[in-house]
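Here are the chains, one letter per residue:
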Amino acid sequence: MLHILLFILKIVGILLLAVFCLFILAAAVFILDPVRYRLEGSAEEWADTIRGSCRFHWLFHLIRGEAVFEKGELKWRIRVAWKKFESHADPEEKAPASEREASSFHPEQEARGTENNVPEKEERVREIDSGSDPEKSSPRIVNKETVSEPEDRQDAGKEEKEEDTLYQKLCDKIGRIRDTFRRFCNKMKALMRRKERLSAFLSNETHKNAFRKVLSEFRRFLRYLHPKRLKAELEFGFEDPALTGYTLAWLSLIYPAVGESVEIRPDFHHRTLRGNLFAEGRIRIVYALIPAWNLVRDKNVRTTFRRIRKLMS
């Protein structure tokens, strides 16, 4: 009896070990298998001529998709195993059965139906005056228009209703403006109360060290994201030469990292946007886990995060 129990425990242990090994293997594939992507873009004259496409696949093509931007419209399609998701589909397939039946209704059928169901143009009411002379008690035909209310009374009622609705809308509008202004004043008062706390928070040496750590890890993460192949040409210009200069100054911040593969030409005389882009690379989830782990281990970052939550509460 004892050896049977030990045999069952042995089998259970082997199964648990196999499940654990499969879990470790799946986690390793999930973390180390890269997401491969390919970007292509072009512009011929201005922003309305921008065209771009992005394709990616992950986990041995188990997850793949693409996105295309052309003529101001974005279309995407993603496939996860056998399941498809897309932004554009055949509207006839998605339309319900009632709409398809309505769309199949022909004008001839509509005209034929209206001929069979022609409404009466005039409603006639027969009134017999029982107290009058028998000779004059013949049926009298009265038009529906003679029975209806006078037009001036109807117009007066409509004007009163319009005035009431207009007054109600005006009161609601004033109430919303008053509530918005009150909320804005309350937020400004709360910000003024927190001004001293915020200045003391930013001047703290622990928080400064935490910000430096976050900035260094973010730069490391950007180095991980550098494409394996990159080729870009850009020529841009605005009507205002000063705006062109400001844009060139902002682009110069990323130029040291991609300067070998990117060519930028500013045009200070014409409004233009021309260029081509080609990028191909891969991204692993471990690239994001390494900086996140380094930030969690840092004591200054943990302290700053707790104080930020307390400050925002």
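Since this is a predicted model, take the numbers as computed values, not measurements.

A.B. asks: Sorry, what's going on with the environment of S252 here?
C.D. replies: When you line up the elements, S252 lands in the loop between α8 (241–251) and α9 (255–258). Judged by relative accessible area, which is 39%, S252 ranks as partly exposed. In this structure the C-alpha to C-alpha distance between S252 and I264, which are 12 residues apart in sequence, comes to 9.4 Å. Among the polar contacts made by the side chain of S252, one reaches the main-chain carbonyl oxygen of A249 at a distance of 2.4 Å.

A.B. asks: I'm lost on the pairing of strand β1 (residues 35–43) in this one. Help?
C.D. replies: Sheet topology note: the β1/strand β10 (residues 272–283) ladder contains 9 bridges and is antiparallel. Bridge pairing links A43 to G275 in β10. Pairing of β1 with strand β2 (residues 51–58) involves 7 bridges; the strand directions are antiparallel. By the bridge assignment, G41 is partnered in β2 with G52.

A.B. asks: Would you mind showing me how to read the nonpolar core here?
C.D. replies: Side chains of a nonpolar character, in soluble globular proteins, are inclined to be buried together. Counting 5 residues, the largest nonpolar core is built from L230, A232, V258, V262 and A279. Not counting chain neighbours up to four residues away, the residues in contact with L230 comprise V258, S261, V262, L277, F278 and A279.

A.B. asks: Looking at this structure, I do not really get the side chain of S53. What am I missing?
C.D. replies: Assignment of secondary structure puts S53 in strand β2. Not counting residues within four places of it along the chain, the set of residues in contact with S53 comprises R38, L39, E40, A67 and V68.

A.B. asks: Is there a simple way to explain the pattern of salt bridges in this structure?
C.D. replies: Charged atoms that come close allow side chains of opposite charge to pair. In total, this model carries 10 salt bridges according to the counting rule given. For R38, the salt bridge identified is with E40, shortest N-O distance 3.3 Å. With a closest N to O distance of 3.6 Å, R51 and E70 form a salt bridge. One end of the pair, R51, is in strand β2; the other, E70, is in strand β3 (residues 63–70), with 19 residues separating them in the sequence.

About the thresholds
- Residues numbered from 1 in each chain as written.
- Predicted model: local features only at pLDDT ≥ 70, side-chain atom pairs only at ≥ 80, totals over all residues.
- Heavy atoms only, no water.
- Helix = DSSP H or I, 4+ residues; strand = E, 2+ residues; numbered from the N terminus.
- Buried < 20%, exposed > 50% of the residue type's maximum accessible area, 1.4 Å probe, protein only.
- Polar contact = N/O pair within 3.5 Å; in protein donor to acceptor, adjacent residues only side chain to side chain.
- Pairing = 2+ DSSP bridges.
- Core = buried A, V, L, I, M, F, W, Y, C linked by side-chain atoms within 4.5 Å.
- Contact = heavy atoms within 4.5 Å.
- Salt bridge = Lys/Arg side-chain N within 4 Å of Asp/Glu carboxyl O.

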